[in-house]
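So the chains spell out like this:
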Amino acid sequence: MEVSVRSEVACPARTVKDDWSALKPAHSSTTSDWQVTFQRNEEQLLPMALSDARKKGYAFGLTDGRLVFRTPYGQPESFSTEVNGVSVEEVHATLFSRQNWVVLMVDLVTACSMYEGSYDDSGYMVWQTPEVPYRSLHGTQVNIGLNGELVAQPVAEDRDIVVGNINATVQISVPLTAEGGYRKSFVLGGLFEIYVFHLYLEQILADEDLVETRVRFQRTLSTPLLPHPVFTKNQTVVDELSFTVYLGDVPEDVELVAVNLNGDKFTVEFMNTRSHGITKVVHPNNTLGYILKVPFDDPVVLLQFSDDAVLHYELNINYTLTILPENEPFYHLTTVMAVIDASPPAFDAVCSNSGISFSRDHRPYDSLWEISICSDLLTPELAAKHGYIMSNDSQSLRLMVPLFSHGYKYNGVTLKGFYGTFKILMRDHKTSEVESSTIKRCPFSTNELILCSTLGRLTVVADMSLAIPSRGLPARFNLVDKFCGAREKNGTRALFSFPINTCGTTIELSMGNVIYQNEIFYNGSSEVHSDAVERVMVQCTYPLASLYRLFTTFRFESDTAGIGSIIHTARPISDMQSLTIKPTAVLQTTPAGPAVSHMHADDPSTRYIEVPSFHKLASVLKRM
């Protein structure tokens, strides 16, 4: 505690009872040396020399024109009192010196608040002192500081120190974040902290003669142990396919040294050498943060696939932190989860003149499904076999399916165009069951088209421009059976659709295949005109092994669609010299190799034949 007054201060305008009490020992003194006497409550203590007072810890000095008195707390000559409800420790000292009949006396009283301070849950350390600790004085100014630095009240308030006056009591509130404080972390089952402030206060007081008295005192304020829990925040964005976890409010004297991920321990210094990483963040309030990133496909991540097609990702995290400089460890545990609707992948599809293009971006869990075309697994080998154009990199899969390649379904055929539909199936990789599909239907147009269905229907759009005589009437066409006319015609092009076992179709068995063949004629008959230079043959070829029933008026069954051909051949000279061609005398091309069997599909004797094998079929035909 410290009190000081100006050294040239004059005597007070009046005396009080205490002044006469202090005069008695001075009057009886026989020496002119300066002495000091103390008053404790109503008791006047014996005088002592200044040298003896210094031995007891008191200090008296003259500096900068001021007489200064300093005393430690808790001296035997001190006493406690209460002012405005605040406990105050007071030391009352009187300096005196007798010069003959003249006695010089200086009355010094220091009174300091003994309030220990309290912690306000709003984040302030609060300390109180009486506005006027002395009788007959009044307060004029308060200066405040930390760590021995005094500043004026407005400056202190700019530093977020709150100074208030409540019931003649000065209340000072120091925020925990105030510059000049000291903070320390501790581990006591959890993470705790204390804040320590070395408060420096000066009160400037005046008496009725405006004699200024300055009282200075220093107090150490300490908070109780305060819990300081660190926290984690799950900042994961599922679309990024990675866990993002923020560890925050880490004190500056605490360091993250290791992270345990689902039982695997990684030191922070080596974290960023793997697919996962950690980033340190420094905040203005002197706290630290750490951002942990772990991709969903990292081996440490736990993955579960539920029956309702939902992926559950789980990451159990155990942070290891240490208090500096003691390196005392403590741990923080958290668990983060992410849920993804694991629906089978879907393709984007785009139509073009040449076919249909499919594309999709890869997802980490796409391995749960297999991609198939019909019943075949889509592989580079399958794509090459059927003429698909496939590219598959780390980012996406792209598949271009040219028109008329394997897997297309066709409908809506007219002379103006037709529709082609292609389907991609997504199958469960374990059960091979179809779980979803991407189907794209696109409009196409072409000059000629032939389709051979699994149900034995031949649909053809043929260009007849060179099969029509120059003087012929436009758009009059029929098949071998002249009663089988075109469904649509537009002068030089004709559309037919008929069962392959009708309309005069012939059957050829050769090399393990069954070939159904017919011819398109002009003018609704089999007459041939001398200036028609082309014959138009249509045929469907089916693998014999794919047929359940070879030919019958009532039923046709095949595992696969047939391969259709429109054959434009130059008309032989013999045909050019003849006016007619009988349907049963249609020219057949016999390739080298085994004998070929021919017969009409609508022959009455061939209503129904089961086909167990090609050799049995050949023997049946020979008996006919």
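These remarks concern the structure in this document. (Residues numbered from 1 in each chain as written. Predicted model: local features only at pLDDT ≥ 70, side-chain atom pairs only at ≥ 80, totals over all residues. Heavy atoms only, no water.)

1. A few points about the nonpolar core
In step 1: Within the largest apolar cluster, 62 residues are counted, with the highest numbers of intra-cluster contacts made by Phe243, Leu261, Tyr313, Leu315, Ile317, Tyr319 and Phe422.
In step 2: Examining the composition of this core, we find that seven residues originate from one element, strand E27 (residues 310-323), more than from any other.
In step 3: Counting residues in each nonpolar core, the second largest holds 41 residues, with Ala53, Leu108, Cys112 and Leu205 among its members. (Core = buried A, V, L, I, M, F, W, Y, C linked by side-chain atoms within 4.5 Å. Buried < 20%, exposed > 50% of the residue type's maximum accessible area, 1.4 Å probe, protein only. Helix = DSSP H or I, 4+ residues; strand = E, 2+ residues; numbered from the N terminus.)

2. Brief notes about the sheet that holds strand E34 (residues 396-402)
In step 1: Within the open sheet, the four strands sit side by side as E29-E30-E34-E33. Their pairing is antiparallel. Each of the sheet's edge strands pairs with one partner strand only, and the pair in question is strand E29 (348-352) and strand E33 (389-392). Adjacent strand axes in the sheet meet at a mean angle of 10°, parallel and antiparallel pairs treated alike.
In step 2: Bridge count for E29 against strand E30 (residues 355-361) is five bridges, and the pairing is antiparallel. What sits directly across from cysteine 351, in E30, is isoleucine 356. (Pairing = 2+ DSSP bridges. Axes fitted to C-alpha atoms, helices over the stretch in contact; angles between N-to-C directions.)

3. Things to note about the side chain of threonine 169
In step 1: Tracing the backbone shows threonine 169 in strand E15 (residues 169-175).
In step 2: Classification of threonine 169 as buried rests on a relative accessible area of 6%.
In step 3: Those residues in contact with threonine 169 that sit more than four places away from it in its chain are Asn84, Val86, Gln128, Thr129, Pro130, Glu131 and Gly164. (Contact = heavy atoms within 4.5 Å.)

4. Let's talk about the state of the cysteines
In step 1: Following the criterion strictly, the structure yields three disulfides and no others.
In step 2: Disulfide pairing places cysteine 351 opposite cysteine 442 at an S-S distance of 1.9 Å. With the S-S bond torsion at -75°, the cross-link from cysteine 351 to cysteine 442 turns out left-handed. Of this pair, cysteine 351 sits in strand E29 while cysteine 442 sits in strand E37 (residues 434-444), placing them 91 residues apart in sequence.
In step 3: When its relative accessible area of 33% is taken as the criterion, cysteine 351 is described as partly exposed.
In step 4: Disulfide pairing is shown between cysteine 484 and cysteine 503; the S-S distance is 2.1 Å. (Disulfide = S-S within 2.5 Å.)

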